[in-house]
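Now for the letters of each chain:
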Amino acid sequence: MADAARTWLRKTLKCLERSERHVNAYVHVRETGALEDAKKADEKNPISSIHGWPFAVKEVIEVAGIATSGGCPALADHVPATDATVVARLRDAGAILVGTQVSHELTCGLDEPPTRNPWNLACYPGGSSAGAGVSVAVGSARFALGTDAAGSVRIPAAMTCTTGLKPTAGLVSSAGVLRQASAPSIDNVGIIARTAVDVAQVLRIIAGPDPLDPRTLQSAADLTLDSPPIQSPTIAVLGPKSRSVLNGMRVVESDIDSCFESACELFREIGANFSIIELPELASAIDAVVTFFSCELAAVHRNLFELNRSMYHPSVAEMLKSSFNTPTEQLRDAVRIRENLRSEVDAALGNEGAEFLLTPTTPRVAMELAEFNPEAELGTLIPFTCGFNLTGHPAVSVPCGFSSGGLPIGLQLVGQRCKDSRLLALAQAFQERTDWHEQRPALP
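For clarity, every value in this text was computed on a predicted model and none was experimentally measured.

Asker: Sorry, what's going on with the overall build of the protein chain here?
Answerer: When its secondary structure is counted, the protein chain shows 15 helices and eleven strands. Each of the 444 residues in the protein chain was classed as buried or not, and the buried ones make up 62%. Taking the intrachain contacts of the protein chain between residues at least 6 apart in sequence as the baseline, contacts between residues at least 24 apart amount to 78%. Accessible surface, the protein chain: about 16900 Å² in total, of which carbon and sulfur atoms supply 50%. The average position of the 38 basic charges and that of the 50 acidic charges among the side chains of the protein chain differ by 4 Å.

So this is what it looks like as structure tokens:
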């Protein structure tokens, strides 16, 4: 179709016009610029599989000429001159940038974002990539990019009935991700879309070495994403000891347990072989992630914080202040936990073990915002997700059902490092046999 990009964009903008007053997913909408980009895209032959796809990015990923504050008033005047690498690659591939989206302040998850869950406007949408999951759920973006340091892509995906990938650490460049809103040792640019197929198409464009980010992996061996169909997958689930310890942090809700068991049964029906593993260090992952995140964030905020303390959310300010002088022993413990957990997961998902691990994405469904205390409740959302930010393994959340109250539930699939294509192929196999990812919220 000669005007495919403009057609897709107009449909997306209509969804945005209808939904945005209810869900508040966007910080900045570049309607005029997007229409101009779509017109130019329609004048060219398609140059990629995502040519013309409307997308958005979390407001910690830099876009030339658009203020990128990471949700923090102290950074409100930061206007980048160039696009982040991931944005540049997507635009070069013909995708159409709609705008930038709401994040928790500095991605900390300690404030309450204005974004609302389209499945129940009184409920939390997941964070810190709040706008990403919501926009894809309502159709105001075909896909969105977020960042994930503890589950911040996978949790919004789980809570909005979308599909969210945290890639293998180093597979996607972080050049142009706001350093003041990221913790490089655990943070990853991730993708939210409706399906694993769409996620794979986007990953193909944004993955790969980047001279602007020397931490990116130099091998492109896994970037074709031409994984053969999944047959008789070997899948691990957490054993009773690991589940018991994690339940001690937050008991898995019965609706989530039921959906998880149903998902496991579906995999058995397609020939999966299951094993049980214990990951003793997984229970310590939250403390390690919090240490890395707070210390790496504090390292780049000390001077700005001293000059503009009143411009930070009180909980964020307190976290930064307490992290300026973190004890050396606490950092050593965090490093030890990361090394131990990485060894445990490598052993479990190695040549002699399973290829994949299944867990719930979150132990609870979206909470009501009227009773939401971010500082107290952040840790109740990340027990299953944050460990894989430490280890660097790829992990994806896919929809696997709904609670009795009609809120989405997510299933987390974890794969071997640098085998993102295999992981997405397993997610695709699940979605070919279910229709949870096809469900859409009905807004007022």
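Asker: What exactly am I supposed to notice about helix α12 (residues 328–348) here?
Answerer: Three- or four-residue spacings in an α-helix give side chains the same orientation, since the helix completes a turn every 3.6 residues. Look at α12: 30 Å from first C-alpha to last across 21 residues, which is about the 30 Å you get at 1.5 Å a residue. Taken together, the buried positions of α12 are Ala334, Ile337, Arg338, Leu341, Glu344, Val345 and Ala348. What you see down the axis of α12 is that its buried residues fit within an arc of 135°, all on one side. Away from the buried face of α12 by more than 90 degrees, exposed residues Arg332 and Ala347 are located. On the buried face of α12, the contacting elements are β8 (273–277), α9 (285–299) and α14 (387–391).

Asker: What exactly am I supposed to notice about the side chain of threonine 326 here?
Answerer: Here threonine 326 shows up in the loop between α11 (314–323) and α12. Here the side chain of threonine 326 touches serine 323 through a polar contact of 3.1 Å, landing on its backbone oxygen. The residues touching threonine 326, leaving out its near neighbours within four places in the chain, are Cys295 and Leu331.

Asker: Would you explain the pattern of salt bridges in this entry?
Answerer: Pairs can form between side chains of opposite charge whenever their charged atoms are close. Following the criterion strictly, the structure yields 19 salt bridges and no others. The shortest N-O distance in the salt bridge between aspartate 198 and arginine 142 comes to 2.9 Å. With a gap of 56 residues between them, aspartate 198 in helix α6 (residues 196–206) and arginine 142 in the loop between α4 (130–138) and β4 (143–148) connect regions that are remote in the sequence. Residue aspartate 213 pairs with arginine 215 through a salt bridge whose shortest N-O separation is 3.1 Å. According to the relative accessible area criterion, aspartate 213 is buried, its value standing at 5%.

Asker: What exactly am I supposed to notice about the packing of aromatic side chains here?
Answerer: Aromatic ring pairs are described here by two measures, namely the spacing of the ring centres and the angle between the planes. All told, the structure shown has eight aromatic pairs when counted by the stated rule. When the ring of phenylalanine 267 is compared with that of phenylalanine 430, the centres are 5.5 Å apart and the planes differ by 25°; the resulting orientation is stacked. With phenylalanine 267 in helix α8 (residues 254–269) and phenylalanine 430 in helix α15 (residues 420–432), the pair connects residues that are 163 residues apart, well separated along the chain. Site record: aromatic cluster; members linked through ring pairs are Trp53, Phe55 and Phe143. Positioned above the aromatic ring of phenylalanine 274, the side-chain terminus of arginine 268 is 4.6 Å from the ring centre.

Asker: Looking at this model, I keep getting lost on the sheet that holds strand β3 (residues 96–101). Mind explaining?
Answerer: Through backbone hydrogen bonds, the strands of a sheet pair up, either in parallel or in antiparallel fashion. Here we have eleven strands laid out as an open sheet, ordered β1-β3-β2-β4-β6-β5-β10-β11-β9-β7-β8, and mixed in their pairing. Edge positions in the sheet fall to β1 (26–29) and β8, since each has one partner strand and no second. Strand-to-strand twist of the sheet, defined as the mean angle between neighbouring strand axes without regard to direction, takes the value 30°. Bridge count for strand β2 (residues 54–58) against β4 is three bridges, and the pairing is parallel. Bridge pairing links valine 57 to leucine 145 in β4.

Asker: What's the story with the pairing of strand β5 (residues 163–166) in this structure? I'm lost.
Answerer: As a general feature of sheets, a regular strand has side chains that alternate between the two faces. Burial along β5 is two-sided: the residues Thr163 and Leu165 and Gly164 and Lys166 are all buried. Across three bridges, β5 lies against strand β6 (residues 188–193) in antiparallel orientation. Within β6, the residue paired with threonine 163 across the bridge is alanine 193. Examined bridge by bridge, β5 and strand β10 (residues 395–402) share three bridges and lie antiparallel to one another. Residue pairing for β10: glycine 164 is matched across the bridge by serine 397.

What counts, and at which threshold
- Residues numbered from 1 in each chain as written.
- Predicted model: local features only at pLDDT ≥ 70, side-chain atom pairs only at ≥ 80, totals over all residues.
- Heavy atoms only, no water.
- Helix = DSSP H or I, 4+ residues; strand = E, 2+ residues; numbered from the N terminus.
- Buried < 20%, exposed > 50% of the residue type's maximum accessible area, 1.4 Å probe, protein only.
- Contact = heavy atoms within 4.5 Å.
- Areas by Shrake-Rupley, 256 points an atom, 1.4 Å probe, with all protein chains shown as cover.
- Lys, Arg positive; Asp, Glu negative; His and termini not counted.
- Charge placed at Lys NZ, Arg CZ, Asp CG, Glu CD.
- Expected span 1.5 Å × (residues − 1).
- Arc of directions from axis to C-beta.
- Polar contact = N/O pair within 3.5 Å; in protein donor to acceptor, adjacent residues only side chain to side chain.
- Salt bridge = Lys/Arg side-chain N within 4 Å of Asp/Glu carboxyl O.
- Phe/Tyr/Trp six-rings, centres within 6.5 Å; stacked < 30°, edge-to-face > 60°.
- Lys NZ or Arg CZ within 6 Å of the ring centre and 35° of its normal.
- Pairing = 2+ DSSP bridges.
- Axes fitted to C-alpha atoms, helices over the stretch in contact; angles between N-to-C directions.

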